[in-house]
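Letter by letter, the chains look like this.
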Amino acid sequence: MNNLEKSVEEEKRKNEEEDSSSAVQATDPSDSGMAAASATDGVAATALRSVLHRIQHAAERSGRRSDQVRLVAVSKTKPVSLVKQVYDAGHRSFGENYVQELVDKAPQLPDDIEWHFIGNLQSNKVKPLLTGVPNLAMVETVDDEKIANQLNRVAGNIGRKPLKVFIQVNTSGEETKSGVEPDGCLELVKHVTSNCPNLEFCGLMTIGMPDYTSTPENFKTLARCRSEVCKALEISEDQCELSMGMSGDFELAVEMGSTNVRVGSTIFGAREYPKKQTN
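Structure report, in brief.

Observations concerning the packing of aromatic side chains
Phase 1: Using the criterion set out here, one finds 1 aromatic pair in the structure.
Phase 2: Pairing Phe 94 with Trp 115 gives two aromatic rings, centres 6.0 Å apart and planes at 50°, and the pair type is tilted. With Phe 94 in strand β2 (residues 93-96) and Trp 115 in strand β3 (residues 114-117), this pair connects stretches of sequence that are 21 residues apart. Assigned by exposure class, Phe 94 and Trp 115 land together as buried.
Phase 3: Between Arg 92 and the ring centre of Tyr 87, over which it is positioned, the NZ or CZ distance is 3.6 Å.

Shown next as structure tokens:
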């Protein structure tokens, strides 16, 4: 399977995971009260508050504070007006999967948004991404030395501050998913920290199995990778984030130590894709 096929297949898988999960969410007991109190607000803003409330409870169950967990609101395929609604509710961290969609959206929205790129990134898209989105806060999907080198080169050439990155790890072993194998994680992290001065290594990212049956094991694998990285780099685990958890499993992810969850359809609703034209 070539890189393009892998990218397309992985994106299809992500969409299926996000869309299907939004229909089976457990409802927090306080959600109805929150919705009533926010009756004049938009649906997405109300959903945002519900997700934040659930994150707070999950963090408390794991003995952490909610401010130790970042919520990235994933707005792919959604209009700027809907992103603005969530922004107006006070949220600032947003994620996109497609370079062109992010490049189109970012200039239409406030520049204090912290954009996370969370999709498969090809080398020829690095320059348009970094030059088109000055407020790009992080790339979560660095999965090989080639893309790390290109990000480092472009970031240096345009003179921006070091770009924060996560290393994507394929914890499920699926061929359709991008990500370095767990046993190659440390080597890639060392490459970034030693050879990419314009990148700032911030942690590890993974995508769990689509049916969630192996999600706990996937998350445990990422945690083991973090332990190995922290030991080798002689840093504390607080210095290495874990980006894991989406609409169907973000509460479990937080309970298992995630510091960064990527939630889309539970906030914005099911994905909306243009219908194919018929002759």
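Focus: the packing of helix α7 (residues 145-158) against helix α8 (residues 185-195)
Phase 1: The geometry of α7 relative to α8 is characterised by a closest axis approach of 10 Å and an angle of 20° between their N-to-C directions. Relative to α8, the element α7 lies roughly parallel. Crossing of α7 over α8 shows right-handed handedness. Note on element contacts: α8 touches α7 through Glu 187, Leu 188, His 191, Val 192 and Asn 195, opposite Glu 145, Ala 148, Asn 149 and Asn 152.
Phase 2: Its residues assigned to classes, the contact of α7 with α8 comprises 3 nonpolar, 4 polar and 2 charged.

Rules behind the numbers
Residues numbered from 1 in each chain as written. Predicted model: local features only at pLDDT ≥ 70, side-chain atom pairs only at ≥ 80, totals over all residues. Heavy atoms only, no water. Phe/Tyr/Trp six-rings, centres within 6.5 Å; stacked < 30°, edge-to-face > 60°. Helix = DSSP H or I, 4+ residues; strand = E, 2+ residues; numbered from the N terminus. Buried < 20%, exposed > 50% of the residue type's maximum accessible area, 1.4 Å probe, protein only. Lys NZ or Arg CZ within 6 Å of the ring centre and 35° of its normal. Axes fitted to C-alpha atoms, helices over the stretch in contact; angles between N-to-C directions. Parallel < 35°, antiparallel > 145°, perpendicular 65-115°, else oblique. Left-handed = near helix turned anticlockwise from the far one by under 90°. Contact = heavy atoms within 4.5 Å. Nonpolar A, V, L, I, M, F, W, Y, C, P; charged D, E, K, R; others polar.

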